Amino acid sequence: MNLILLGPPGAGKGTQAKRLVNCVGLVQLSTGDMLRAAVANGSAVGLDAKVAMDRGALVDDSIVVAIIEERIDEPDCRNGFILDGFPRTEAQAEALDKMLSNKNLKLDKVIEIRTDDAVLTERITGRFACADCGEGYHDQFRQPLVKNVCDSCGGHNFSRRNDDNAETVRARLSAYHSQTAPLLPYYRQQGVLGEVDGMLGVDEVTDQITKIINGS
Ligand code: AP5
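Residues numbered from 1 in each chain as written. Predicted model: local features only at pLDDT ≥ 70, side-chain atom pairs only at ≥ 80, totals over all residues. Heavy atoms only, no water.

Q: Talk me through the overall build of the protein; I want residue IDs and the actual numbers.
A: Tallying secondary structure elements over the protein gives 9 helices and 8 strands in all. Over its C-alpha atoms the protein spans a radius of gyration of 17 Å, differing by no more than 12% from the 17 Å that the globule rule assigns to 216 residues. Along the longest, intermediate and shortest principal axes, the C-alpha atoms of the protein span 50 × 45 × 35 Å. Burial status across the protein gives 43% buried among its 216 residues. A separation threshold of at least 6 residues defines the contact pool for the protein, and within that pool the share at least 24 residues apart is 67%. Approximately 11,100 Å² of the protein is accessible, and the part contributed by carbon and sulfur atoms is 48%. Each charge sign in the protein was given a centre, from 24 positive and 31 negative side chains, and these centres are 1 Å apart. (Helix = DSSP H or I, 4+ residues; strand = E, 2+ residues; numbered from the N terminus. Rg over C-alpha atoms; globule rule 2.2 N^0.38 Å. Buried < 20%, exposed > 50% of the residue type's maximum accessible area, 1.4 Å probe, protein only. Contact = heavy atoms within 4.5 Å. Areas by Shrake-Rupley, 256 points an atom, 1.4 Å probe, with all protein chains shown as cover. Lys, Arg positive; Asp, Glu negative; His and termini not counted. Charge placed at Lys NZ, Arg CZ, Asp CG, Glu CD.)

This is how it looks when you write it as structure tokens:
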């Protein structure tokens, strides 16, 4: 099964993708994570991407399409994948359709995680993660059980994303509404769009997504 999770920054795409990896055994393909890895490595792609990411703007279509095309050819994607943060423009959606058709693959579901913009800034600006294992935390909603110790790996290093500040979040939300939300009618027309209420708790959102995947 091949899925797309679609929604604004902070909607819960990454949170839900990680849960689906554990419960349905699909691979999470996050273009945001891949681009951040490229930035951290100091590669040419990373240097190009960083300028756009720091502004909250989208990275060039050609860069992200190439990254995804290469990644879905890897053997771990054969049993299916969850696209988290891709596609984000009509050009990316069309490139994905072509890529899948050339590889004899199909898109099974596109799941829109619907949220009110008002909650997103708070969700994003409070977010931090364990720098060793990536476990996610939040200033208000989820602190480590023992202060400064990761619940998952016992690590003591925590990090915040460069683009998780109020000003950049405004630009990311604006990019979502102008460039990514127009994909919703595109996928509705293809008959693959499902919607979940991203304002519910994390467990309830997972339940709604699982129901859509199982066709119930
Ligand atoms: P990316 O990394 O994809 O960031 P994003 O889309 O802005 O999404 P986030 O990771 O911020 O949010 P999320 O929806 O995953 O929410 P999360 O689960 O973490 O992209 C970053 C940048 O890279 C882009 O701005 C762009 O520059 C570039 N880029 C990436 N892909 C690109 C592409 N295809 N084309 C061009 N450029 C691209 O949750 C957020 C917080 O909320 C967490 O603290 C979480 O615990 C909490 N939370 C989650 N769900 C709930 C819930 N139901 N209730 C309460 N809290 C919740």
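On we go.
Q: Can you lay out the sheet that holds strand S6 (residues 136-138) for me, pointing to particular residues and giving the numbers?
A: Pairing is antiparallel in the open sheet, where 3 strands are placed in the order S6-S5-S7. In this open sheet, the two strands that pair with only one neighbour each are S6 and strand S7 (158-159). (Pairing = 2+ DSSP bridges.)

Q: Tell me what's going on with helix H7 (residues 166-180), and back it up with residues and numbers.
A: Helical geometry: 3.6 residues make up each α-helical turn, so side chains three or four residues apart lie on a common side. Spanning 15 residues, H7 covers 20 Å between terminal C-alpha atoms, matching the ideal 21 Å at 1.5 Å per step. Turning to H7, its buried residues are Thr168, Val169, Arg172, Leu173, Ala175, Tyr176 and Thr180. Here the buried residues of H7 occupy an arc of 160° about the axis, which is enough to place them on one side. Turned more than 90 degrees away from the buried face of H7 sit Glu167 and Arg170, all of them exposed. The inward-facing, buried residues of H7 abut strand S1 (2-6), helix H3 (44-55), helix H6 (117-125), strand S5 (127-130) and helix H8 (183-190). (Expected span 1.5 Å × (residues − 1). Arc of directions from axis to C-beta.)

Q: Got a sec to walk through the sheet that holds strand S2 (residues 27-30)? Specific residues and values, please.
A: Taking strand neighbours across the sheet as the criterion, the 5 strands line up as S2-S3-S1-S4-S8 in an open arrangement whose pairing is parallel. Bordering the open sheet on either side are S2 and strand S8 (193-197), each of which pairs with just one other strand. Going across the sheet, the axis of each strand differs from the next one's by a mean of 25°, ignoring polarity. (Axes fitted to C-alpha atoms, helices over the stretch in contact; angles between N-to-C directions.)

Q: I'd like a description of the side chain of Thr31, backed by residues and values.
A: Mapping Thr31 onto the fold places it in helix H2 (residues 31-41). Excluding anything up to four places from it in sequence, Thr31 contacts Val64, Ile68, Asp84, Gly85, Phe86 and Arg88.

Q: Now, about the confidence of the model for the protein: what can you tell me, with residues and values included?
A: Per-residue confidence for the protein gives a mean pLDDT of 95, with 100% of residues at or over 70. The least confident element of the protein is helix H1 (residues 13-24), whose mean pLDDT is 90; the most confident is strand S4 (residues 109-114), at 98. (pLDDT = per-residue confidence, 0-100.)

Q: Can you break down the site of the ligand residue by residue, with the values?
A: Near the ligand, the surroundings consist of 32 residues, among which Thr15, Ala57, Arg88, Arg127 and Arg172 are the closest. Between the ligand and Lys13, the relevant distance is 2.9 Å, taken from an oxygen atom to a main-chain nitrogen or oxygen of the residue. Here an oxygen atom of the ligand and a side-chain polar atom of Arg127 are 2.6 Å apart. Expressed as a share of its isolated accessible area of 1,000 Å², the protein-covered part of the ligand is 90%. Among the elements of the structure, H1, H2 and helix H9 (202-214) are those that each provide at least two residues to the shell around the ligand. Element by element, the count of residues in the shell around the ligand is highest for H2, at 4 residues. (Near = heavy atom within 4 Å. Polar contact = N/O pair within 3.5 Å; in protein donor to acceptor, adjacent residues only side chain to side chain.)

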